[in-house]
Amino acid sequence: EDEKNKYIKGKKLGEGTYANVYLGHSRVDASTQVAIKKIKVQKEYQDGIAPDAIREMKYLQKLRGHANIIILHSVFSSKDQNLNLVLEYLPLGDLEMLIRDVDHVRYGAADIKAWMGMLTRAIWWCHDNYVLHRDIKPNNLLIAADGEVKLADFGLARSFADPGVRMTANVITRWYRPPELLFGARHYSGAVDIWSVGLVFAELIIRAPYLPGNSEVEQIALICREIGTPTEENWPGVTQLKEYTVPSDVVPVAGKDKYMGRFGAVGSDGVDLLTKTLVLDPRRRITAREMLEHRWWKADPKPTPKHDLPKKT
Ligand code: ADP
């Protein structure tokens, strides 16, 4: 079809694991900029398109129309058979860049509340449409020119409409991976994304990854040390998970006061919400819908209007 002739490809913006991303603009209107994500041909999939590309296309189409989900404008295949996703161009980098640039970017509780609101609404939208993102992290939260945060990178997403189906436990970047996946659970829910949302929340506050494990074993040890050891008492059935192993010195589940010391910058209500996202038992972890009803959003300070949010320098 003609979709490919609608856009002119410009300079390379970046390279990801399965795609190169280019700046582009509309042929008829040069001021309409887009990002063209050209999926690399992977040897394993010579005769077809890589499954992550199919997923990204499918779920972005399904989730279309929410302010906090990156817009997929169009899809085309180039002569070399490559799949190209034409995405909304998001020029202001991602949340990870802002969190890390401690020397130039200052932000406070009202800004964190605005960013967390946008992230929570994005995840609520995914889950309300039976989609698990499965790779929530600051680097996948891109920032639009007007300050809106957009959830991107749906290459690992999948539908959870059918609860009987086994799913892979090998998803979500390690630091943001919940204990049920680290223990090899093959049946899981939107709670996996909520854990990641909680770790993004923690990271926004302390401006460093909260649980940066160097291996899966270390990741579990960090969770036990910081949040508490998963046991039959706090999580009925956990010891039956295939890869359940925890350090022998059992740590009790941390109370709110332990979190207040390190995360108190968002106030007692903010810390209450944080602790509810970091509940070990996925069945008792807060849902995206419940998060949106939390009193923290209404408490002072109010979330910063998007146009006034800090930007990268
Ligand atoms: P990864 O998540 O592995 O970095 P991506 O393929 O999603 O891979 O993106 C690669 C890089 O391209 C990103 O780090 C970013 O710099 C840039 N990029 C991706 N999507 C966009 C976009 N919509 N607008 C602007 N830049 C983008």
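I will try to describe carefully the structure that is included in this document. Quantities reported herein were computed from a predicted structural model and do not represent experimental measurements.

## Notes on the packing of aromatic side chains
Next, step 1: Evaluation of the coordinates by the stated rule reveals nine aromatic pairs.
Next, step 2: Taken together, a centroid distance of 6.2 Å and an interplanar angle of 35 degrees make the contact between tyrosine 259 and phenylalanine 263 tilted. With a gap of four residues between them, tyrosine 259 and phenylalanine 263 both fall in helix α7 (residues 256-263), about one helical turn apart.
Next, step 3: Residue class for tyrosine 259 comes out buried when judged on its relative accessible area of 4%.
Next, step 4: An aromatic cluster is built from Phe183, Trp235 and Tyr244, whose rings are joined through pairwise contacts.
Next, step 5: A cation over a ring is seen here: lysine 9 above tyrosine 22, with NZ or CZ 4.3 Å from the ring centre.

## Topic: the side chain of lysine 137
Next, step 1: Mapped onto the secondary structure, lysine 137 falls in the loop between β6 (131-132) and β7 (141-143).
Next, step 2: Salt bridges are absent for the buried lysine 137, whose nearest opposite-charge side chain, aspartate 135, sits at 4.0 Å.
Next, step 3: Side-chain polar atoms of lysine 137 contact the side chain of threonine 173, separated by 2.9 Å.
Next, step 4: Apart from residues no more than four positions distant in its own chain, lysine 137 is found in contact with Thr173, Tyr176 and Val200.

## A short note on the packing of helix α5 (residues 191-206) against helix α8 (residues 267-277)
Next, step 1: At a minimum axis distance of 8 Å, the contact between α5 and α8 shows a crossing angle of 140 degrees. In this view, α5 runs oblique relative to α8, as classed from their interaxial angle. As for how α5 packs across α8, the hand of that crossing is left-handed. Note on element contacts: α8 touches α5 through Gly270, Leu273, Leu274 and Thr277, opposite Ile194, Trp195, Gly198, Phe201 and Ala202.
Next, step 2: The class makeup of the residues in the contact of α5 with α8 is six nonpolar, three polar and no charged.

## So, the layout of surface pockets
Next, step 1: Its volume calculated, the largest pocket comes out at about 880 Å³.
Next, step 2: Every residue lining the largest pocket is counted, 31 residues in all, and those nearest its centre are Val21, Lys37, Asn139, Leu142 and Asp153.
Next, step 3: With three residues, strand β1 (residues 7-15) is the largest single contributor of residues to the lining of the largest pocket.
Next, step 4: A class-by-class count of the residues in the lining of the largest pocket yields 13 nonpolar, eight polar and 10 charged.
Next, step 5: Considering only enclosed or pocket space, the second largest pocket measures out at about 310 Å³ in volume.
Next, step 6: Considering the residues around the second largest pocket, the lining is formed by 16 residues, among which His127, Phe160, Gly190, Thr287 and Ala288 are closest to the centre.
Next, step 7: Within the residue set of the lining of the second largest pocket, elements represented by two or more residues are α3 (109-128), α5 and α9 (288-292).
Next, step 8: With three residues, α3 is the single largest residue contributor to the lining of the second largest pocket.

## A short note on α8
Next, step 1: All of the buried residues in α8 are Gly270, Val271, Asp272, Leu273, Leu274, Thr275 and Thr277.
Next, step 2: Those residues of α8 hidden inside the fold are in contact with α5, α7 and α9.

## Some remarks on the sheet that holds strand β5 (residues 83-88)
Next, step 1: Pairing is antiparallel across the open sheet formed by five strands, whose spatial order is β1-β2-β3-β5-β4. Looking at which strands have only one partner, the edges of the open sheet turn out to be β1 and β4 (72-77). Along the sheet, successive strands turn relative to each other by an average axial angle of 30 degrees, direction set aside.
Next, step 2: One ladder, built from six bridges, connects β1 with strand β2 (residues 19-26); its direction is antiparallel. Bridge assignment links tyrosine 7 to a residue of β2, and that residue is serine 26.

## As for empty space enclosed by the protein
Next, step 1: With the rule as written, the count across this model stands at one cavity of 30 Å³ or more.
Next, step 2: Considered as a void within the structure, the largest cavity measures approximately 30 Å³ in volume.
Next, step 3: Residues belonging to the lining of the largest cavity are distributed by class as follows: five nonpolar, one polar and two charged.

## Regarding the pattern of salt bridges
Next, step 1: In this structure the tally under the stated criterion is 20 salt bridges.
Next, step 2: The partner of lysine 306 in a salt bridge is glutamate 148, with the nearest N and O atoms 2.9 Å apart. Taken as a pair, lysine 306 in the segment after α9 and glutamate 148 in the loop between β7 and β8 (149-151) lie far apart in primary sequence, 158 residues in all.
Next, step 3: Residue classification places lysine 306 among the partly exposed residues on the basis of a relative accessible area of 29%.
Next, step 4: Residue glutamate 148 is classed as buried on the basis of its relative accessible area, which comes to 9%.
Next, step 5: One salt bridge connects arginine 295 with aspartate 272, and the closest N-O pair in it is separated by 3.9 Å. A residue pair is termed long-range when its members are at least 10 positions apart, and arginine 295 in the segment after α9 and aspartate 272 in helix α8 qualify at 23 residues.
Next, step 6: Judged by relative accessible area, which is 44%, arginine 295 ranks as partly exposed.
Next, step 7: Sharing partners across several salt bridges, the network here consists of Asp269, Asp272, Lys276 and Arg295.

What counts as what
Residues numbered from 1 in each chain as written. Predicted model: local features only at pLDDT ≥ 70, side-chain atom pairs only at ≥ 80, totals over all residues. Heavy atoms only, no water. Phe/Tyr/Trp six-rings, centres within 6.5 Å; stacked < 30°, edge-to-face > 60°. Helix = DSSP H or I, 4+ residues; strand = E, 2+ residues; numbered from the N terminus. Buried < 20%, exposed > 50% of the residue type's maximum accessible area, 1.4 Å probe, protein only. Lys NZ or Arg CZ within 6 Å of the ring centre and 35° of its normal. Lys, Arg positive; Asp, Glu negative; His and termini not counted. Salt bridge = Lys/Arg side-chain N within 4 Å of Asp/Glu carboxyl O. Polar contact = N/O pair within 3.5 Å; in protein donor to acceptor, adjacent residues only side chain to side chain. Contact = heavy atoms within 4.5 Å. Axes fitted to C-alpha atoms, helices over the stretch in contact; angles between N-to-C directions. Parallel < 35°, antiparallel > 145°, perpendicular 65-115°, else oblique. Left-handed = near helix turned anticlockwise from the far one by under 90°. Nonpolar A, V, L, I, M, F, W, Y, C, P; charged D, E, K, R; others polar. 1 Å grid on protein atoms, 1.4 Å probe; cavity = no way out; pocket = protein on both sides within 12 Å on 5 of 7 lines; lining within 4 Å. Points joined across faces, edges and corners; volume = space filled by probe spheres on them. Pairing = 2+ DSSP bridges.

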